[in-house]
Amino acid sequence: MLQTLEQMLPLLEQGQAVALSLALERSGSAPTPAGATLLVSADRVAGTLGGGQMEAGMVRLSREALASGRASLSRFNFDSDTVQPGGMLCGGRIAFYTFVVRPTPEALGFWSAVLNSARKGERVWLLLAVSEGEAAGWAGVSALVEDGAVKAGSLTETTWETAVLRALEGRSAEQDTLFLTLETPSTAWPGLAGFLARPLVSPPRLLVLGGGHVGLALCRVAALAGFRVTVVDDRPEFATIQRFPEAEQVLNATFAEAFSSLTPGPGWSVVAVARSHDQDREAVELALACPVDYVGMIGSRRKVALLREHLAARGVDSARLAGLHAPVGLDIGAETPGEIAVSIAAQLIQVRRSRKPVLVKEIITL
């Protein structure tokens, strides 16, 4: 959702209203990821809900929402006996919630806070009151939750916030999107269907240790795959943003200096592609001491075996050592720097997507 927010804020600042559509419910093999988001303004469409006729329909509905200002729930059925000719035959059902964000000072302040939290990688939740029907009046009611408390915005009713925060307890590290429906329709709040709780997880970060040919190719491929890349090399001529224009950050430093300043943790992957065995060994030892998601090292099987023996002798945790991806990358017969970079990026994606976030529907009582 970060990329969608980054495109939404400038539009609001320019005085444009936008329509946001988010996945709400899903069953079967409907072609939409749990975190799918679509943004539509008067002259722009960003994000995706899965493509095809369904997305074209949602773009049309979003433009209608911009004209009317009304929020809506849209449901699609992909069963083979109901899909239109030429449509999508994946099977399953999905629902989206569409609402309009107006360029008010309050909206700008709130969505700026949401974007800043997402950029920092803070584990926060975006909460949206989901409204439906002619009497719906809660569209755009939203809050940002961090560490069990509302950080920005408000759900307007203490009863709502209490119920939703209770449902989020113990879920701070979850990446599943929750749709919290009401046990019984509320006569006090007509049109309120429930609350959407979307976790805001920043894009994955990749630390490339070594700015040689493989590091250069890996930076390009990983950035294309959505990783925020930091490259480290102690040679000034290699550690330049001109050499790595796709990188978010390029550090001319030793590996020890880089780890001290960056403090990699959850959400990070580290790949050692240095110019010497000693540097790779130092890089891996530093990486395995951090709670990162992935550590990989380039090298021959003999080099890797010697490294494992060395690290075991130094008392590196056996579980962490077992998780070392070395030789790094998927075995696709890669030989050139570009091919090796593709094999590494593919493995990074494989590990990252090993658990796919889902849409979870739960019932709460207000």
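Bear in mind the structure is a predicted one, so any value in this text is a computation, not a measurement. (Residues numbered from 1 in each chain as written. Predicted model: local features only at pLDDT ≥ 70, side-chain atom pairs only at ≥ 80, totals over all residues. Heavy atoms only, no water.)

Observations concerning the packing of aromatic side chains
Thinking step 1. In the structure shown here, the tally under the stated rule is 4 aromatic pairs.
Thinking step 2. With a centroid separation of 6.0 Å and 65° between ring planes, the pair formed by F76 and F96 is classed as edge-to-face. With a gap of 20 residues between them, F76 in strand β4 (residues 72-77) and F96 in strand β5 (residues 93-101) connect regions that are remote in the sequence.
Thinking step 3. Aromatic pair F110 and W111: ring centres 5.2 Å apart, planes at 80°, arrangement edge-to-face.
Thinking step 4. You can call W111 buried: its relative accessible area is 3%.
Thinking step 5. Cation over ring: R235 sits above F238, and NZ or CZ is 3.7 Å from the ring centre.
Thinking step 6. Across the ring face of F227, the terminal group of R352 is positioned such that the distance to the ring centre comes to 5.7 Å. (Phe/Tyr/Trp six-rings, centres within 6.5 Å; stacked < 30°, edge-to-face > 60°. Helix = DSSP H or I, 4+ residues; strand = E, 2+ residues; numbered from the N terminus. Buried < 20%, exposed > 50% of the residue type's maximum accessible area, 1.4 Å probe, protein only. Lys NZ or Arg CZ within 6 Å of the ring centre and 35° of its normal.)

Some words on the sheet that holds strand β8 (residues 149-153)
Thinking step 1. Taken in spatial order, the 6 strands line up as β8-β7-β6-β10-β9-β16 in an open sheet, and their pairing is mixed. At either end of the open sheet lies a strand with only one pairing partner, and these are β8 and β16 (359-364). Strand-to-strand, the axes of this sheet are offset by a mean angle of 25°, without reference to chain direction.
Thinking step 2. The pairing of strand β9 (residues 177-182) with strand β10 (residues 192-200) spans 4 bridges and is classified as antiparallel. Looking at β10, one finds that T181 is bridged to G194.
Thinking step 3. Its contacts with the sheet put helix α3 (residues 105-120) on β6 (124-131), β7 (142-146), β8 and β10, and the angle it makes with β7 is roughly 30°. (Pairing = 2+ DSSP bridges. Axes fitted to C-alpha atoms, helices over the stretch in contact; angles between N-to-C directions. Contact = heavy atoms within 4.5 Å.)

Things to note about the packing of helix α1 (residues 2-13) against α3
Relative placement of two packed helices is described by the angle separating their axes and the distance separating the axes.
Thinking step 1. Where α1 contacts α3, the two axes come as close as 10 Å, and the packing angle between them is 150°. By the angle between their directions, the pair α1 and α3 is classed as roughly antiparallel. Viewed along their axes, α1 and α3 form a crossing whose handedness is left-handed. Touching L2, L5, E6, M8, L9, L12 and E13 of α1 are L108, W111, S112, V114, L115, A118 and R119, all from α3. (Parallel < 35°, antiparallel > 145°, perpendicular 65-115°, else oblique. Left-handed = near helix turned anticlockwise from the far one by under 90°.)

A word on the side chain of T98
Thinking step 1. Tracing the backbone shows T98 in strand β5.
Thinking step 2. Its relative accessible area of 0% is what places T98 among the buried residues.
Thinking step 3. Here the side chain of T98 touches S21 through a polar contact of 2.7 Å, side chain to side chain.
Thinking step 4. In contact with T98, not counting residues within four places along its chain, are A19, L20, S21, M58, S62, A65, A71 and S72. (Polar contact = N/O pair within 3.5 Å; in protein donor to acceptor, adjacent residues only side chain to side chain.)

Quick word on the sheet that holds strand β1 (residues 18-27)
Thinking step 1. One open sheet holds the 5 strands; their spatial order is β3-β2-β1-β5-β4, and the pairing between them is antiparallel. What marks the edges here is a single partner per strand, and that holds for β3 (45-48) and β4. Pairwise comparison of adjacent strand axes, ignoring direction, gives a mean angle of 20° for this sheet.
Thinking step 2. Note that β4 and β5 share 6 bridges and pair antiparallel. Each residue of the ladder has a partner; that of R75, found in β5, is A95.
Thinking step 3. Where helix α2 (residues 52-68) meets the sheet, its contacts fall on β1, β2 (37-40), β3, β4 and β5, and the angle it forms with β5 comes to roughly 30°.

Examining the layout of surface pockets
Thinking step 1. One number sums up the size of the largest pocket: a volume of about 1,700 Å³.
Thinking step 2. Forming the boundary of the largest pocket are 50 residues, of which Q175, V201, S202, R352 and R353 lie nearest the centre.
Thinking step 3. Elements with a contribution of two residues or more to the lining of the largest pocket: α1, β3, α3, β10, β14 (268-272) and α10 (337-352).
Thinking step 4. With 4 residues, α1 is the largest single contributor of residues to the lining of the largest pocket. (1 Å grid on protein atoms, 1.4 Å probe; cavity = no way out; pocket = protein on both sides within 12 Å on 5 of 7 lines; lining within 4 Å. Points joined across faces, edges and corners; volume = space filled by probe spheres on them.)

What to know about unusual backbone geometry
Thinking step 1. In this chain, A326 is followed by P327 through a cis amide linkage whose omega measures -5°.
Thinking step 2. Here P327 shows up in the loop between α9 (318-322) and α10.
Thinking step 3. Even without a glycine there, the phi angle at T156 is positive, about 70°.
Thinking step 4. The topology assignment puts T156 in the loop between β8 and α4 (158-168).
Thinking step 5. Look at T263: it is not a glycine, yet its phi comes out positive at around 45°.
Thinking step 6. T263 sits in the exposed class, given a relative accessible area of 58%.

Considerations on the pattern of salt bridges
Thinking step 1. Scanning the entire structure with this criterion turns up 10 salt bridges.
Thinking step 2. A salt bridge links E6 to R119, with the shortest nitrogen-to-oxygen separation between them at 3.4 Å. Note that E6 is positioned in helix α1 and R119 in helix α3, a separation of 113 residues in sequence.
Thinking step 3. E6 sits in the partly exposed class, given a relative accessible area of 33%.
Thinking step 4. A salt bridge links R235 to D233, with the shortest nitrogen-to-oxygen separation between them at 2.9 Å.
Thinking step 5. Take R235: its relative accessible area is 19%, and that puts it in the buried class.
Thinking step 6. Taken together, the shared-partner salt bridges connect R205, R228 and E248 into one network. (Salt bridge = Lys/Arg side-chain N within 4 Å of Asp/Glu carboxyl O.)

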